[in-house]
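# Structural description and commentary
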Amino acid sequence: MPLPEELPLDGFTTPPRQAVTFAPFGTPISAEEIRKRLSRSLYDQLSEKSDGTVTDAVSRAEIYIGAVLNYLGVRLDLDAPVIREIVLMQTVCELHVALGHGEAGKEQRIKVKDTIIAAFGSFPDSDSAAPERPAVAAVAVPPKPQARF
């Protein structure tokens, strides 16, 4: 008997996903704080002499680090020194990447990852975005019948 093209999925449910909040707690990071971390010439180059470019990079960094910390069950609290340092490093990474400085951005990202692992013991690798789960069903294909002559 042939199988229908689509099987009904009635009765199957999935657990609700936890809402991801990227709004950080604590004192906001300013362009001035990033400026103090870099030489004047590097800051001018990375920021393109615009504090708006830096605040945009801070927002991107907060979203990225917020997602990683959420995965680890840690709140994005900018008043926690290690979390603030991680977001500051990621901001510099975002600035490098935005200008096409791939190698410098990669170095910064490695520092960020190493710091997260040192502080929280883990880092979600993008290669394994979801934890491996056991199979819930199996499909068996019957062998093809042998031709008889």
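Description of the structure in this document. As the structure is a computational prediction, the values presented were derived from the model and not from experiment.

Criteria and cut-off values
Residue indices begin from 1 for each chain and proceed along its sequence in written order. Only residues with pLDDT of at least 70 are given local features in this predicted model, and only at 80 or more are side-chain atom pairs given and counted; all residues enter the totals for whole chains, interfaces and linings. Calculation of side-chain values draws on the structure's entire complement of heavy atoms; hydrogens and water are dropped beforehand. A run of H or I in DSSP counts as a helix once it spans at least four residues, and a run of E counts as a strand once it spans at least two, with each numbered from the N terminus. Partly exposed residues are those whose accessible area sits between 20% and 50% of the maximum for their type, while under 20% is buried and over 50% is exposed, using a 1.4 Å probe and protein chains only. Working definition of accessibility: Shrake-Rupley area with a 1.4 Å probe, residue cover restricted to the visible protein chains. For Phe, Tyr and Trp, rings pair up if their centres lie within 6.5 Å, where Trp contributes its six-membered ring, and each pair is then called stacked (planes under 30 degrees apart), edge-to-face (over 60) or tilted (otherwise). Here, over-ring charges are defined by two tests on the NZ atom of lysine or the CZ atom of arginine: distance to the ring centre within 6 Å, and angle to the ring normal within 35 degrees. As used here, the term nonpolar core means buried Ala, Val, Leu, Ile, Met, Phe, Trp, Tyr and Cys residues forming a set that is joined through side-chain atoms within 4.5 Å. Only heavy atoms matter for contacts: two residues are in contact if any of them lie within 4.5 Å across the pair. For a helix, the expected span equals 1.5 Å multiplied by the number of residues minus one. Criterion for a salt bridge: a side-chain nitrogen of Lys or Arg within 4 Å of a carboxyl oxygen of Asp or Glu. Fitting a line to C-alpha atoms yields each axis, with helices limited to the stretch in contact; the angle taken between N-to-C directions then spans 0 to 180 degrees. Working definition: roughly parallel below 35 degrees, roughly antiparallel above 145 degrees, roughly perpendicular at 65 to 115 degrees, and oblique for all remaining angles. Each helix crossing is assigned a hand: it is left-handed if the near helix lies turned anticlockwise from the far helix by less than a right angle, otherwise right-handed if that turn is clockwise. As a working rule, the residues Ala, Val, Leu, Ile, Met, Phe, Trp, Tyr, Cys and Pro are called nonpolar, Asp, Glu, Lys and Arg charged, and the rest polar, with Gly in that last group.

Let's shift gears to the overall build of the chain. Along the chain, the regular secondary structure elements total 5 helices and 0 strands. Listing every helix and strand of the chain by position from the N terminus yields α-α-α-α-α. Counting only residues that meet the buried cut, the chain has 26% of its 149 residues in that class. Carbon and sulfur atoms provide 57% of the accessible area of the chain, an area that totals close to 11,000 Å².

Before going further, it helps to spend a moment on the packing of aromatic side chains. Using the criterion set out here, one finds 0 aromatic pairs in the structure. For Arg75, the ring lying beneath its charged end belongs to Phe25, and the centroid distance is 4.1 Å. The ring of Tyr64 carries the charged tip of Arg109 above its face, separated from the ring centre by 5.0 Å.

Let us now look at the nonpolar core. Proteins that are soluble and globular tend to have nonpolar side chains buried together. If you look at the biggest cluster of nonpolar residues, it comprises 25 residues, and the most contacted ones within it are Ile29, Ile34, Val54, Ile65, Leu76, Val87 and Ile116. When residues of this core are traced back to their parent elements, those giving at least two are helix H1 (31-37), helix H2 (40-47), helix H3 (51-72), helix H4 (81-98) and helix H5 (102-120). Each residue touching Ile116, except ones within four places of it in the same chain, is listed here: Ile65, Val68, Leu72, Ile86, Gly121, Ser122 and Phe123.

What follows deals with H4. Between the first and last C-alpha of H4 there are 26 Å, a value that for 18 residues agrees with the 26 Å anticipated at 1.5 Å per step. Phi for Gly100, located one or two positions after H4, is positive at around 85°.

This model, assessed by the stated rule, comprises 7 salt bridges. Its salt-bridge partner being Arg37, residue Glu85 comes within 2.6 Å of it at the nearest N-O pair. With Glu85 in helix H4 and Arg37 in helix H1, this pair connects stretches of sequence that are 48 residues apart. Residue Glu85 is classed as partly exposed on the basis of its relative accessible area of 30%. Several salt bridges converge on common partners, so that one network encompasses Glu32, Arg35 and Asp51.

A separate point is the environment of Ile110. With respect to the helices and strands, Ile110 occurs in helix H5. Residue Ile110 is classed as partly exposed on the basis of its relative accessible area, which comes to 44%. Sequence-wise, Ile110 and Cys93 are 17 residues apart; in three dimensions their C-alpha atoms are separated by 9.7 Å.

A positive phi angle is found at Glu48, which is not glycine, with a value near 55°. Along the polypeptide, Glu48 turns up in the loop between H2 and H3. Of note in this structure, Lys49 is not a glycine but carries a positive phi near 60°.

Here we come to the packing of H3 against H4. Running from amino to carboxyl end, H3 crosses H4 at an angle of 125°, the nearest separation of the two axes being 8 Å. Between H3 and H4, the angle falls in the class oblique. Of the two elements, H3 crosses H4, and the hand of that crossing is right-handed. Packed against H3, whose contacting residues are Thr53, Val54, Ala57, Val58, Arg60, Ala61, Glu62, Tyr64, Ile65 and Leu69, the element H4 presents Ile83, Ile86, Val87, Gln90, Thr91, Glu94, Leu95 and Ala98 at the interface. By residue class, the composition of the contact of H3 with H4 is 12 nonpolar, 3 polar and 3 charged.

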